Amino acid sequence: MGRKNKLQKFQDLKAYPNVIENPEYESNQLFINEDVEIDLSENWAQIHFGNDKPVILELACGRGEYTLQLGRYFPEKNFIGIDVKGARIWQGATIALDENLSNVAFLRSRIEKLGIYFRKGDISEIWITFPDPFLNPTQAKHRLTSPHFLEIYKQIMVPNGIINLKTDDDLLFAYTLKVVESDPHINLLYAENDIYSKPLIDPTLEFKTYYEGMHLEEGKKIKYVKFQLKD
Ligand SMILES: C[S@@+](CC[C@H](N)C(=O)[O-])C[C@H]1O[C@@H](n2cnc3c(N)ncnc32)[C@H](O)[C@@H]1O
């Protein structure tokens, strides 16, 4: 893939047909393909992929390993990896282009803005892979499974949409279970605090991200929670 510095990667992203960017936090504008602005009043995800297949998001996707692996495994579904860091997204977007993965795209934006970019029913499933755990209790609302974020996800998902969390972090695992179990509008489908200690309930759990690889090397246990936002 060659060595490129951050500025070269940012330049590449502007021309990549599989990367949509929100370059300025203060504005909600999204751009693709050398500054072509996306019309937010349209179902742009559908227009982007040119089909009616389900759209699945990976939040905090980093280099996009999970998005890529899901995209290869499920050619009948569309995947969008979302992260705020362009140099990380560049890795996944470059591989997706090299492999002609037409069902994979990346959105460089803050996750807080998903309610602006998608409409109710646009998203069928969400994966949250190794997000920052925000250990300080005063920062709990920044955790991607906090009630604040679940409300945003509810705004854009199909009825009874599924959310998957993979984490190495004990506190985030326990916190997520507490949030899920204390909300009568959420169905807990599965929770396991050491997924590799037994046969995997789903082959896609075998997929690994960059951070998961690091956590496994450190001997950490990988946790998984799957739940459903009831409508
Ligand atoms: C610990 S890394 C995990 C990356 C990847 N999922 C993995 O497992 O290798 C967390 C990622 O979340 C992204 N991130 C954190 N807060 C975010 C936010 N509010 N909106 C978008 N991305 C965010 C960071 O840029 C970072 O790439």
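This report concerns the structure included in the present document. (Residues numbered from 1 in each chain as written. Predicted model: local features only at pLDDT ≥ 70, side-chain atom pairs only at ≥ 80, totals over all residues. Heavy atoms only, no water.)

## Comments concerning the site of the ligand
So, point 1. Taken together, 17 residues lie near the ligand, and Ala60, Asp83, Arg88, Thr129 and Thr209 sit nearest.
So, point 2. At 2.7 Å from an oxygen atom of the ligand is found a side-chain nitrogen or oxygen belonging to Asp83.
So, point 3. Contacts to the ligand include Arg110, whose side-chain N or O atom sits 3.2 Å from a nitrogen atom.
So, point 4. The cavity where the ligand resides is the largest pocket.
So, point 5. In the shell around the ligand, the residues fall into seven nonpolar, four polar and six charged. (Near = heavy atom within 4 Å. Polar contact = N/O pair within 3.5 Å; in protein donor to acceptor, adjacent residues only side chain to side chain. 1 Å grid on protein atoms, 1.4 Å probe; cavity = no way out; pocket = protein on both sides within 12 Å on 5 of 7 lines; lining within 4 Å. Sits in = over half its atoms within 2 Å of the grid points. Nonpolar A, V, L, I, M, F, W, Y, C, P; charged D, E, K, R; others polar.)

## Focus on empty space enclosed by the protein
So, point 1. For the coordinates displayed, the defined rule picks out one cavity of 30 Å³ or more.
So, point 2. Taken as a whole, the largest cavity holds about 40 Å³ of empty space.
So, point 3. Looking at the largest cavity, the residues that line it are Leu40, Glu42, Asn43, Trp44, Ala45, Ile116, Tyr117, Phe118, Arg119 and Asp122.
So, point 4. Elements that contribute at least two residues to the lining of the largest cavity include exactly α2 (44-49) and α5 (114-117).
So, point 5. Each residue belonging to the lining of the largest cavity can be placed in one class, and the counts come to six nonpolar, one polar and three charged. (Points joined across faces, edges and corners; volume = space filled by probe spheres on them. Helix = DSSP H or I, 4+ residues; strand = E, 2+ residues; numbered from the N terminus.)

## Describing unusual backbone geometry
The bulk of non-glycine residues show a negative phi, and the bulk of peptide bonds are trans.
So, point 1. Its identity is not glycine, yet Phe134 carries a phi of approximately 45 degrees, on the positive side.
So, point 2. Within the secondary structure, Phe134 is located in the loop between β7 (123-129) and α6 (147-156).
So, point 3. With a phi angle near 60 degrees, Asn160 is a residue other than glycine that sits in the positive phi range.
So, point 4. Tracing the chain through its elements places Asn160 in strand β8 (residues 157-167).
So, point 5. Its relative accessible area of 37% is what places Asn160 among the partly exposed residues. (Buried < 20%, exposed > 50% of the residue type's maximum accessible area, 1.4 Å probe, protein only.)

## Regarding a nonpolar patch on the surface
So, point 1. Together, Tyr210, Tyr211 and Met214 make up an exposed nonpolar region whose accessible area comes to about 260 Å².
So, point 2. Position of Met214 relative to the elements: it lies in helix α8 (residues 210-217). (Patch = residues over 30% accessible without salt bridge, like charges linked within 9 Å, V, L, I, M, F, W, Y side chains within 5 Å. Areas by Shrake-Rupley, 256 points an atom, 1.4 Å probe, with all protein chains shown as cover. Salt bridge = Lys/Arg side-chain N within 4 Å of Asp/Glu carboxyl O.)

## Considering the side chain of Glu212
So, point 1. Structurally, the position occupied by Glu212 is in helix α8.
So, point 2. With residues up to four places along the chain from it excluded, the contact list for Glu212 reads Phe130, Lys166, Tyr196, Phe207 and Ile222. (Contact = heavy atoms within 4.5 Å.)

## Some thoughts on the layout of surface pockets
So, point 1. Empty space within the largest pocket amounts to approximately 620 Å³.
So, point 2. Partitioning the lining of the largest pocket into residue classes produces 12 nonpolar, six polar and 11 charged.

## Focus on helix α1 (residues 6-15)
One full turn of an α-helix is made of 3.6 residues, so residues set three or four places apart face in the same direction.
So, point 1. Buried within α1 are the following residues: Lys9, Asp12 and Leu13. All buried residues of α1 project into a common sector of 100 degrees when viewed along the axis, lining one side.
So, point 2. Buried residues in α1 make contact with β1 (19-21), α4 (86-98) and β6 (104-108).
So, point 3. At the N-terminal end of α1, a side-chain oxygen is found 3.1 Å from the backbone nitrogen of Leu7, two or three residues along, and the residue is Asn5. (Arc of directions from axis to C-beta.)

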